[in-house]
Amino acid sequence: MADFTTSTHRAKWIFTPQELRDKYKAANQRAKQALEKYGATRMEVDIDGSFSYAEPQSDAKDSAEKRPKPLKVEEEQLLRAFYEFKIQDVCDAFKFPRKIQATALIYFKRFYLQWSVMEHHPKNIMLTCIYAACKAEENHVSAEELGKGIEQDHHVILNNEMLVLQEFRGANDDDQHETLKRMLEAARMEADKIMRTEAPLLFPPGQLALAALRRANVVHDILDFERYLRSILSRQQSTQAISELSVSLNTIDSLICKLEAPPTSKDVKHIDRKLKSCLDPGSHDKSKKRKHRSKESSTEVQDLS
């Protein structure tokens, strides 16, 4: 609980009652504007997560009396509550663990902080949230199996997947995502260096990965690395102290620093000849004879010319 005050969950997904009301109102207002402009609020969603409003209908410019009436904020709330209950029903029917039900509900609630039910029908989003929750909690079920179990088209689940997942990122997550990608690439490069040292024969894979991550973090400075190590050791209930682990990581560091540039073909040519001689002592004499014959042939050609 002590860490909750600095967590990203608190920073991005905990709101005041007024902030929630404002978000629901803003989504509702946007859908109303779409209804006035396009004559409908439904959005077309591609499988890559991109979306667009449907083409304006012929009666979109007709009188207000003929235009569909938008839902009120209170009506949207009632509909969301209905489908939240349905999420629990579906999870119970599939006998999913309670954590999947809880995760699906959180996904559903977060999604409708940004969208109105008039833009994306909660019946479809509900199924995608359950599917995404199964993935997140490593209780894998195919979209086909989930759709078949509740007699729904599984393509609807897949088409909405990227759209739903996009809404789980906070406002500054795009920048953070790019920074993390750069750090991951740097860590991979460090891991490649480590694999060329003796470290894989001296330390377990987990310590090799931590060493690569620590070296990458020196450049990008994203993690409080010592705190990160403490959290790992506490989760694993390890008796190893941070100081002991640091010694291992420092040793791996020193092995990388001693790593020289990869030897060239020229560097190993002489050694390779010695190796061939060791493997087949007669190979050296054969090679000399071939060279001698090659010189003789070359001399004969020159004489003829």
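Reading the values: rules and limits
- Residues numbered from 1 in each chain as written.
- Predicted model: local features only at pLDDT ≥ 70, side-chain atom pairs only at ≥ 80, totals over all residues.
- Heavy atoms only, no water.
- UniProt positions renumbered as here; feature names shortened; annotations may be inferred.
- Axes fitted to C-alpha atoms, helices over the stretch in contact; angles between N-to-C directions.
- Helix = DSSP H or I, 4+ residues; strand = E, 2+ residues; numbered from the N terminus.
- Parallel < 35°, antiparallel > 145°, perpendicular 65-115°, else oblique.
- Contact = heavy atoms within 4.5 Å.
- Polar contact = N/O pair within 3.5 Å; in protein donor to acceptor, adjacent residues only side chain to side chain.
- Phe/Tyr/Trp six-rings, centres within 6.5 Å; stacked < 30°, edge-to-face > 60°.
- Buried < 20%, exposed > 50% of the residue type's maximum accessible area, 1.4 Å probe, protein only.
- Lys NZ or Arg CZ within 6 Å of the ring centre and 35° of its normal.
- Salt bridge = Lys/Arg side-chain N within 4 Å of Asp/Glu carboxyl O.

The chain goes by Cyclin-H1-1 isoform X3 in an unreviewed UniProt entry, where it is assigned to Nicotiana tabacum. Quoted verbatim from the Sequence similarities (unreviewed entry) heading of the UniProt record, the comment on the chain is "Belongs to the cyclin family."

**Student:** Got a minute to help me understand the packing of helix α5 (residues 122-136) against helix α7 (residues 154-166) in this structure?
**Tutor:** To characterise two packed helices, one gives the angle between the axes of the helices and the distance between these axes. Where α5 meets α7, the closest approach of the two axes is 8 Å, and the angle between their N-to-C directions is 75 degrees. Classified by the interaxial angle, the pair formed by α5 and α7 is roughly perpendicular. Contacts between α5 and α7 involve Asn124, Ile125, Leu127, Thr128, Cys129, Tyr131, Ala132 and Lys135 from the first element and Val156, Ile157, Leu158, Asn160, Glu161, Val164 and Leu165 from the second.

**Student:** Can you help me understand the side chain of glutamate 190 in this one?
**Tutor:** For glutamate 190, the position within the fold is in helix α8 (residues 173-195). In this view, glutamate 190 contacts Ala212, Arg215, Ala216 and Ile256; residues no more than four positions away in its chain are not counted.

**Student:** I'm lost on the environment of glutamate 84 in this one. Help?
**Tutor:** With respect to the helices and strands, glutamate 84 occurs in helix α3 (residues 73-93). Apart from residues no more than four positions distant in its own chain, glutamate 84 is found in contact with Leu105, Phe108 and Lys109. In terms of polar contacts, glutamate 84 uses its side chain to reach the side chain of lysine 109, at 3.1 Å.

**Student:** Can you help me understand the packing of aromatic side chains in this one?
**Tutor:** To describe a pair of aromatic rings, you give the distance between the ring centres and the angle between the ring planes. Within the structure shown, the criterion is met by 5 aromatic pairs. With centroids separated by 5.0 Å and ring planes inclined at 85 degrees, the aromatic side chains of phenylalanine 111 and tyrosine 112 adopt a geometry described as edge-to-face. With relative accessibility at 0%, the residue phenylalanine 111 sits in the buried group. Residue classification places tyrosine 112 among the buried residues on the basis of a relative accessible area of 1%. An aromatic cluster of three or more residues is present, and its members are Phe108, Phe111, Tyr112 and Trp115. A cation over a ring is seen here: arginine 80 above tyrosine 24, with NZ or CZ 4.0 Å from the ring centre.

**Student:** I tried to follow the pattern of salt bridges on my own but got confused; where do I start?
**Tutor:** Charged atoms that come close allow side chains of opposite charge to pair. Applying the stated rule across the entire model yields 9 salt bridges. Two residues, glutamate 185 and arginine 188, come together in a salt bridge whose shortest N-O distance is 3.9 Å. Of the two residues, glutamate 185 and arginine 188 both sit in helix α8, 3 residues apart, roughly one turn of that helix. One salt bridge connects arginine 215 with glutamate 190, and the closest N-O pair in it is separated by 2.5 Å. In this pair, arginine 215 sits in helix α10 (residues 205-220) while glutamate 190 sits in helix α8, placing the two residues 25 residues apart along the sequence.

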